[in-house]
Structure formats: C-alpha cells, structure tokens
Amino acid sequence: MAEAVANVARRINATVEEGKDSLDLSSCQLISFPEGVFKVLRTVSENIRIITLAGNQMKAISSKFFSTFTQLRELDLQGNILTKLPDQVGEMEHMTSINLANNSFSIFPEKLTEIATLERIDLEGNNITELPLEKLSTMPALKWLNVKSNPLNSSNHFALNCPYKFDILLTTD
C-alpha cells in the first residue's frame, strides 16, 4: 500500500514540476480520487487537459473532481467499477473524449449528452440495456459511440440500424 501511495505522489509531483497537461494515475490501486491530490494540483488544475485513471478499483468519482479540472479534454476511467457519474460531468465545457469501458454501468450516464464538445464515448463492456438515442442524436460534436459487449435490448438494436451522424460500435449476435 505504501508503495502505491508513493507511486501516486511521484506521478503527481512530476505533473506539477514539469508543468504537464496530463495526469496519469492508471493502475495505482485507487478506490477513489485522492482528496490530497486536489490540494497538490490546486495551482496547476487549470492546465490539466488529460487524466487517466484506468485500471483502478474506483467505485465513484466525486463532483469536486469535475469542478476542479474544468479544462479537461480527455478522461480515461476504463477498468474501474463505476456505476454512475456525478451530475457535474454535464458541465464539462471542453471534454472531447471519455472512456468508461469495462465498468459497472447499467444505465447510460445521460449527463454526458449535455456536453456539447464531446466527440467520443466508450462504454464497451458494461451492463447497459438502453441508450438515450434521441438525446445522443442531438449532441453536436458526437462522432463515435462504442457500446460493444452491453446487453442492449432488441428495440435499441433496431433503432441503431437507422442512420446517425456518428459511428456506433456494437456487438451483433
């Protein structure tokens, strides 16, 4: 455990000291985003554009995360055990890509449809049965939606055969 904490501290310090625009805390055995990180990154949070939290055991992500990293463009949360996102995710004005693959979502996180700049949504390998297709079709920037390996109901499969202005990746039987 101490080694994991030291690893997180090293990565955060590198981001601060080198003025990086990305923070990689993938595979750090995190169960939540460390509260202390907000304080350490306070002076540089506006510069961070990319955060990778893949391969952890996070069950939730706080609203403070989204209100702190307001300039975020890409967020990678794949391989956690998330079931939902806080409403504040809908306020991300610069987000272009979010990777939520291989989590535990059973409901599509509809707040994502409020992000006008979002181009890519990856929800492969979750437990989602329905998609908010009407809301998705009104997203101005959406280009790519991956919902492979989700137990989508048959009405969604039928509706997904209609033409959309974005690419949909899904598993066909």
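Residues numbered from 1 in each chain as written. Predicted model: local features only at pLDDT ≥ 70, side-chain atom pairs only at ≥ 80, totals over all residues. Heavy atoms only, no water.

Named according to an unreviewed UniProt entry, the chain is Leucine-rich repeat-containing protein 20 originating from Xenoophorus captivus.

Right, let's get into the sheet that holds strand 5 (residues 120-122). Across the sheet, 7 strands lie side by side as 1-2-3-4-5-6-7; this open sheet has parallel pairing. At either margin of the open sheet sits one strand with a lone partner, and together these are strand 1 (22-24) and strand 7 (167-169). Along the sheet, successive strands turn relative to each other by an average axial angle of 5 degrees, direction set aside. Relative to strand 6 (residues 144-146), strand 5 runs parallel, the two sharing 3 bridges. If you follow Asp 122 over to strand 6, its bridge partner there is Asn 146. (Pairing = 2+ DSSP bridges. Helix = DSSP H or I, 4+ residues; strand = E, 2+ residues; numbered from the N terminus. Axes fitted to C-alpha atoms, helices over the stretch in contact; angles between N-to-C directions.)

Under the criterion given, the structure shown has 6 salt bridges. One salt bridge in this structure joins Lys 64 and Glu 35, with 2.7 Å as the shortest N-O distance. Of this pair, Lys 64 sits in helix 3 (residues 63-68) while Glu 35 is found in helix 2 (residues 35-40), placing the two residues 29 residues apart along the sequence. Overall, Glu 35 belongs to the partly exposed group, its relative accessible area being 45%. (Salt bridge = Lys/Arg side-chain N within 4 Å of Asp/Glu carboxyl O. Buried < 20%, exposed > 50% of the residue type's maximum accessible area, 1.4 Å probe, protein only.)

Okay, the nonpolar core next. Within the largest apolar cluster, 46 residues are counted, with the highest numbers of intra-cluster contacts made by Phe 33, Leu 53, Phe 65, Ile 121 and Leu 136. When contributions to this core are tallied by element, the ones reaching two or more residues are helix 1 (2-17), helix 2, helix 3 and helix 4 (133-137). Setting aside anything within four residues of it in sequence, one finds Leu 53 in contact with Leu 25, Ser 26, Leu 30, Phe 33, Met 58, Ile 61, Phe 65, Asp 76, Leu 77, Gln 78 and Asn 80. (Core = buried A, V, L, I, M, F, W, Y, C linked by side-chain atoms within 4.5 Å. Contact = heavy atoms within 4.5 Å.)

So, on to the packing of aromatic side chains. In the structure shown here, the tally under the stated rule is 6 aromatic pairs. Pairing Phe 33 with Phe 65 gives two aromatic rings, centres 5.0 Å apart and planes at 75 degrees, and the pair type is edge-to-face. With Phe 33 in the loop between strand 1 and helix 2 and Phe 65 in helix 3, this residue pair connects regions lying 32 residues apart in the sequence. Classification of Phe 33 by relative accessible area gives buried; the value is 7%. Judged by its relative accessible area of 0%, Phe 65 is buried. Consider the rings of Phe 65 and Phe 66, whose centres lie 5.1 Å apart with planes at 85 degrees: the pair is edge-to-face. One cation-aromatic arrangement involves Arg 120 over Trp 144; the distance from NZ or CZ to the ring centre is 4.0 Å. (Phe/Tyr/Trp six-rings, centres within 6.5 Å; stacked < 30°, edge-to-face > 60°. Lys NZ or Arg CZ within 6 Å of the ring centre and 35° of its normal.)

With 16 residues, helix 1 should reach 22 Å at 1.5 Å per residue; the first-to-last C-alpha distance of 22 Å fits that figure. Listed as buried for helix 1 are Ala 4, Val 8, Ile 12 and Thr 15. Take helix 1 and look down its axis: the buried residues cluster within an arc of 65 degrees, on one side only. Set apart from the buried face of helix 1 by more than 90 degrees, the exposed residues are Ala 2, Glu 3, Arg 10 and Glu 17. Along its buried surface, helix 1 packs onto strand 1 and helix 2. (Expected span 1.5 Å × (residues − 1). Arc of directions from axis to C-beta.)

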